[in-house]
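Residue-level listing of the chains:
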Amino acid sequence: MAAKGAAAGAGVLLVTANVGSLFDDPENLQKNWLREFYQVVHTHKPHFMALHCQEFGGKNYEASMSHVDKFVKELLSSDAMKDYNRARVYLDENYKSQEHFTALGSFYFLHESLKNIYQFDFKAKKYKKVTGKEIYSDTLESTPMLEKEKFPQDYFPECKWSRKGFIRTRWCITDCAFDLVNIHLFHDASNLIAWETSPSVYSGIRHKALGYVLDRIIDQRFEKVSYFVFGDFNFRLDAKAVVETLCAKATMQTIRAADTNEVVKLIFRESDNDRKVMLQLEKKLFDYFNQDVFRDNNGTALLEFDRELSVFKDRLYELDISFPPSYPYSEDSSQGKQYMNTRCPAWCDRILMSHSAKELILKSENDEKIVIYDHIGPNVCMGDHKEKDAYEMRRFSVKLHCSKEGKE
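Calculation rules
Residues numbered from 1 in each chain as written. Predicted model: local features only at pLDDT ≥ 70, side-chain atom pairs only at ≥ 80, totals over all residues. Heavy atoms only, no water. Phe/Tyr/Trp six-rings, centres within 6.5 Å; stacked < 30°, edge-to-face > 60°. Helix = DSSP H or I, 4+ residues; strand = E, 2+ residues; numbered from the N terminus. Buried < 20%, exposed > 50% of the residue type's maximum accessible area, 1.4 Å probe, protein only. Lys NZ or Arg CZ within 6 Å of the ring centre and 35° of its normal. Pairing = 2+ DSSP bridges. Axes fitted to C-alpha atoms, helices over the stretch in contact; angles between N-to-C directions. Disulfide = S-S within 2.5 Å. 1 Å grid on protein atoms, 1.4 Å probe; cavity = no way out; pocket = protein on both sides within 12 Å on 5 of 7 lines; lining within 4 Å. Points joined across faces, edges and corners; volume = space filled by probe spheres on them. Nonpolar A, V, L, I, M, F, W, Y, C, P; charged D, E, K, R; others polar. Parallel < 35°, antiparallel > 145°, perpendicular 65-115°, else oblique. Left-handed = near helix turned anticlockwise from the far one by under 90°. Contact = heavy atoms within 4.5 Å. Salt bridge = Lys/Arg side-chain N within 4 Å of Asp/Glu carboxyl O.

Taking an unreviewed UniProt entry as the reference, the protein is identified by name as inositol-polyphosphate 5-phosphatase belonging to Aythya fuligula.

Take a look at the structure:
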């Protein structure tokens, strides 16, 4: 299915962004977000750009979904995007359908200089040439140009109204075919429960959901191609190991509820130094006294506790992380670098790929490597997540022939 050979140069930019905060405070945060996003586009000048959004419409989507149309119009018509004369936008806005709603939004922009680009029709099993700008919203289940699923309720039964799921599209550029998967995995419902065991029960839930997606995109229904999976994986650091490391010389105080005897708070104090509080841990509180440990040298000292992806090392590849944890940043527009004291900072937002996709981006006919994996707006508040961008690819060196399933 794969053949080596020279392919026309094509710069590709992949971006993932949990944008829930933008719709809760559109006046401040959207302006920052769009400015930083446009700057990335201007810097890289990609030919093909994919923007995967999660929590589209905001956390309080029933009240804030009304801000979506303005945001989409701005993206499609702004002067910064004027050279992208073709676009496909897929928005899951149908929040009244709880059994299907994922709050995912997938945007794809094609530069006017890019020729011969096709998108796969999963129903007709044919590639169709992409022309013009089209927006699809509300019920995406009937749209043949994508596959969308919400994870079953029994994956995470304690979260009744979970919006977690995935959207998959397939593309063919200069005879190179690949899947792009927008994904949102389950979060940690309680810091206390995450701390109890190593690995935590929540990591197991995420493994199950991600494994389901990977099995789905390589099943026998369609020809197998390389794939990129990027979104909010909600990967967390091993909480027990992190706390034991950060508070190695501390003593722990346990506070229980008077009526149920349930643990509601853990306080870690230094053994000396006037019993200074180092960490307070509650269901939705992670208050560590020194946030610099998560920012210094991009938090590299904590990468050893980022273990969730290791389960998939035979199936997924990721470039080296050289940016600080992407979540949970303060939603105060004046606090660009500050983390909220709600969760242990972690690399939740990631861009992963199949090993065949790795070969696509890391090899070229001249062994040229022009690949960037970084976060957007490092000094600017862009909501509770810092967006990720990656893979400015100047060439593809492997052609994955997409003629088998036909083109139109």
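For this particular structure, what's the right way to read the packing of aromatic side chains?
Geometry of an aromatic ring pair is reported as the spacing of the ring centres plus the angle between the planes. Under the definition given, this model contains 33 aromatic pairs. Between Tyr108 and Trp171 the ring centres are 4.8 Å apart and the planes differ by 50 degrees, which places this aromatic pair in the tilted class. With a gap of 63 residues between them, Tyr108 in strand β5 (residues 105-110) and Trp171 in strand β10 (residues 165-173) connect regions that are remote in the sequence. Each member of the pair, Tyr108 as well as Trp171, carries the same accessibility label: buried. Through successive ring pairs, a cluster of aromatic residues spans Phe23, Trp33, Phe37, Tyr38, Phe56, Phe71, Phe107 and Phe109. Above the ring of Tyr317, the side-chain terminus of Lys358 is found at 4.4 Å from the ring centroid. One residue, Lys386, lies across the ring of Tyr329, its end atom 4.8 Å from the ring centre.

I would appreciate a short explanation of the sheet that holds strand β16 (residues 285-288) in the present structure.
With respect to topology, 4 strands assemble into an open sheet ordered β13-β14-β15-β16, the strand pairing being antiparallel. Strand pairing shows two members of the sheet lacking a second neighbour, β13 (250-256) and β16, which therefore form its edges. Recorded for the sheet is a direction-independent mean angle of 15 degrees between the axes of neighbouring strands.

Sorry, what's going on with unusual backbone geometry here?
Leaving glycine out, the prevailing phi sign among residues is negative, and the prevailing peptide bond configuration is trans. Cis geometry is adopted by the peptide bond preceding Pro199, which originates at Ser198 and carries an omega value of 0 degrees. Here Pro199 lies in the loop between α5 (191-196) and α6 (201-217). Going from Tyr327 to Pro328, the amide bond is cis rather than trans, its omega being 0 degrees. Turning to its location among the elements, Pro328 is positioned in the loop between α8 (292-295) and β17 (349-353). Although it is not a glycine, Asn116 sits at a positive phi angle of roughly 55 degrees. Of note, Asn116 is situated in the loop between β5 and β6 (117-121). The partly exposed category is assigned to Asn116, whose relative accessible area is 44%. The phi angle at Asn297 is positive, at roughly 50 degrees, despite the residue not being glycine.

Where do I start with the state of the cysteines in this structure?
Between two cysteines, a covalent bond joining their sulfur atoms is known as a disulfide. If you walk through the whole model with that rule in mind, you get 0 disulfides. Here Cys53 is not cross-linked by a disulfide; its sulfur's nearest cysteine counterpart is in Cys381, at 16 Å. What makes Cys53 buried here is its relative accessible area of 0%. No disulfide involves Cys381; its sulfur sits 16 Å from the nearest other cysteine sulfur, which is in Cys348. Residue Cys381 is classed as buried on the basis of its relative accessible area of 2%.

Please explain the layout of surface pockets as it appears in this structure.
Empty space left among the atoms is revealed by rolling a probe the size of a water molecule over them. Estimated volume of the largest pocket: approximately 640 Å³. In terms of lining, the largest pocket is formed by 26 residues, of which the most central are Glu55, Lys59, His187, Tyr327 and Arg343. Tallied by class, the residues present in the lining of the largest pocket amount to 6 nonpolar, 7 polar and 13 charged. By volume, the second largest pocket amounts to about 280 Å³. What lines the second largest pocket is a set of 25 residues, among which Ser200, Arg236, Leu237, Asp238 and Ala239 lie closest to the centre. Of all the secondary structure elements, the ones that give two or more residues to the lining of the second largest pocket are α5, α6 and α7 (239-246). Residues of the lining of the second largest pocket, tallied by class, amount to 12 nonpolar, 6 polar and 7 charged.

Can you walk me through the packing of helix α2 (residues 26-44) against helix α4 (residues 68-77) in this structure?
Angle between the axes and distance between the axes: these two values describe a pair of packed helices. Running from amino to carboxyl end, α2 crosses α4 at an angle of 25 degrees, the nearest separation of the two axes being 12 Å. With respect to α4, the axis of α2 lies roughly parallel. Seen from above, α2 lies across α4 with right-handed handedness. Contact residues: α2 offers Gln30, Trp33, Leu34, Phe37 and Tyr38, while α4 offers Phe71, Glu74 and Leu75. Residues of the contact of α2 with α4, tallied by class, amount to 6 nonpolar, 1 polar and 1 charged.

Is there a simple way to explain the pattern of salt bridges in this structure?
Any two side chains of opposite charge can pair if their charged atoms end up close together. On inspection of all chains with the given rule, the structure shows 21 salt bridges. The residue Asp219 makes a salt bridge to Arg221 at a minimum N-O spacing of 2.8 Å. Residues Asp292 and Arg295 are paired through a salt bridge, measuring 3.0 Å at the closest nitrogen-oxygen approach. Placement of the pair is Asp292 and Arg295 together in helix α8, with a separation of 3 residues, close to one helical turn. Look at Arg295 and you get partly exposed, because its relative accessible area is 25%. Put simply, Glu147, Arg168, Arg170, Asp179, Asp219 and Arg221 are held in one network by salt bridges that share partners.

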